[in-house]
Amino acid sequence: ESGEGELATFIATDSVKAARDLCTWMFDQMGGEGQIAILKGVLGSTAEQQRTQGCEEALAETPGIEVVSTQTANWDENEAFKAMQNVLTANPDLKAVFAESDAMSLGAAKAAQQAGVEGLISVGIDGFPTQLAAIKEGLTQATMAQIPYDMGYMAVQQAVQIMNGEGGDIPAEQYQDAVLVTKENVNDVNPSDFYGPAANNM
């Protein structure tokens, strides 16, 4: 970011696409209409900006969806829980919440559960083991799972290639797709698919 040094390649999740696809899925579950809330991460962070952009693109394609509340919960489950309590009080007809991380999705879903709100759709992005478990339980409904284990493997593998003078064909940017996980396929995936062998013990 300082402009110093030479960047060989950039490997990251395509957060814009992940958020766009996730919000599109959520809107489909809502029948293309209804009220939603958005819980944002740390304002100004790259992930927050890209995930916001992705959902905005999906919103532009679905005019029947109304955003009635946008709150910042800084990627934190407890902050999301508190924010969602206020959102639900002010918006009794809320049908869904797009949380820009799994932790915030869990916080929102727990707030709805405590308030006795049934049928609220809560989705997030990350693919954390806790979110996968929550989807199985029916507490949350979906996540876009990143694959950092594979990206880390790619980074080290390609770094070695570059050190050996074999990195001429490596592209400057390598954006990776996230994986949509819902109740339909959650039993077919494991945390280790996304976060490596140790994740199954988390």
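(A) The arrangement of the overall build of the protein in detail. Broken down by element type, the protein carries 7 helices and 8 strands. Radius of gyration (C-alpha) of the protein: 18 Å, near the 17 Å computed for a compact globule of 202 residues. With the C-alpha coordinates aligned to their principal axes, the bounding extent of the protein is approximately 60 × 35 × 30 Å. Buried positions account for 45% of the 202 residues belonging to the protein. Total accessible area on the protein is roughly 10,600 Å²; 46% of this is exposed by carbon and sulfur atoms. Each charge sign in the protein was given a centre, from 9 positive and 29 negative side chains, and these centres are 8 Å apart.

(B) View of the packing of aromatic side chains. Considering all chains together, one arrives at 2 aromatic pairs under this definition. Taking 5.9 Å as the distance between ring centres and 70° as the angle between the ring planes, the aromatic pair formed by Phe10 and Tyr175 counts as edge-to-face. Within this pair, whereas Phe10 is found in strand 1 (residues 10-13), its partner Tyr175 is found in strand 7 (residues 173-176), the two being separated by 165 residues in sequence. Of the residues examined, Tyr175 reaches a relative accessible area of 38% and is grouped as partly exposed.

(C) Looking closely at the nonpolar core. Grouped together as the largest cluster of nonpolar side chains are 22 residues, with contacts concentrated most on Met26, Phe27, Met30, Ile36, Phe98 and Val123. Where this core is concerned, the elements lending two or more residues are helix 1 (15-29), strand 2 (34-40), helix 2 (46-60), strand 4 (94-99), strand 5 (121-126) and strand 6 (142-145). Apart from residues no more than four positions distant in its own chain, Phe98 is found in contact with Ala19, Leu22, Cys23, Met26, Ala37, Ile38, Leu39, Arg51, Cys55, Val123 and Ile125. In this structure, Ala80, Val87, Leu88 and Ala112 belong to the second largest nonpolar core, which totals 16 residues.

(D) Region of interest: the packing of helix 1 against helix 2. Packing of helix 1 against helix 2 leaves a shortest axis separation of 7 Å and a crossing angle of 40°. Judged by the angle between their axes, helix 1 and helix 2 are oblique. For the pair helix 1 and helix 2, the sense of crossing is right-handed. Along the contact surface, helix 1 presents Ser15, Val16, Ala19, Arg20, Cys23, Thr24 and Phe27, while helix 2 presents Gln50, Arg51, Gln53, Gly54, Cys55, Glu57, Ala58 and Leu59. A per-class count over the contact of helix 1 with helix 2 returns 7 nonpolar, 5 polar and 3 charged.

(E) Up close: the pattern of salt bridges. Counted by the stated rule, this structure contains 5 salt bridges. Notably, a salt bridge pairs Glu48 with Lys40, separated by 3.7 Å at the nearest N-O pair. Here Lys40 falls in the buried class, since its relative accessible area comes to 18%. As a salt-bridge pair, Lys110 and Glu77 come within 2.6 Å of each other at their nearest N and O atoms.

(F) Region of the structure containing helix 5 (residues 129-137). The complete set of buried residues in helix 5 reads Pro129, Gln131, Leu132, Ala134 and Ile135. Elements in contact with the buried residues of helix 5: helix 4 (102-114), strand 5, strand 6, strand 8 (179-182) and helix 7 (192-195). Phi turns positive, to about 90°, at Gly138, one or two residues after helix 5.

About the thresholds
Residues numbered from 1 in each chain as written. Predicted model: local features only at pLDDT ≥ 70, side-chain atom pairs only at ≥ 80, totals over all residues. Heavy atoms only, no water. Helix = DSSP H or I, 4+ residues; strand = E, 2+ residues; numbered from the N terminus. Rg over C-alpha atoms; globule rule 2.2 N^0.38 Å. Buried < 20%, exposed > 50% of the residue type's maximum accessible area, 1.4 Å probe, protein only. Areas by Shrake-Rupley, 256 points an atom, 1.4 Å probe, with all protein chains shown as cover. Lys, Arg positive; Asp, Glu negative; His and termini not counted. Charge placed at Lys NZ, Arg CZ, Asp CG, Glu CD. Phe/Tyr/Trp six-rings, centres within 6.5 Å; stacked < 30°, edge-to-face > 60°. Core = buried A, V, L, I, M, F, W, Y, C linked by side-chain atoms within 4.5 Å. Contact = heavy atoms within 4.5 Å. Axes fitted to C-alpha atoms, helices over the stretch in contact; angles between N-to-C directions. Parallel < 35°, antiparallel > 145°, perpendicular 65-115°, else oblique. Left-handed = near helix turned anticlockwise from the far one by under 90°. Nonpolar A, V, L, I, M, F, W, Y, C, P; charged D, E, K, R; others polar. Salt bridge = Lys/Arg side-chain N within 4 Å of Asp/Glu carboxyl O.

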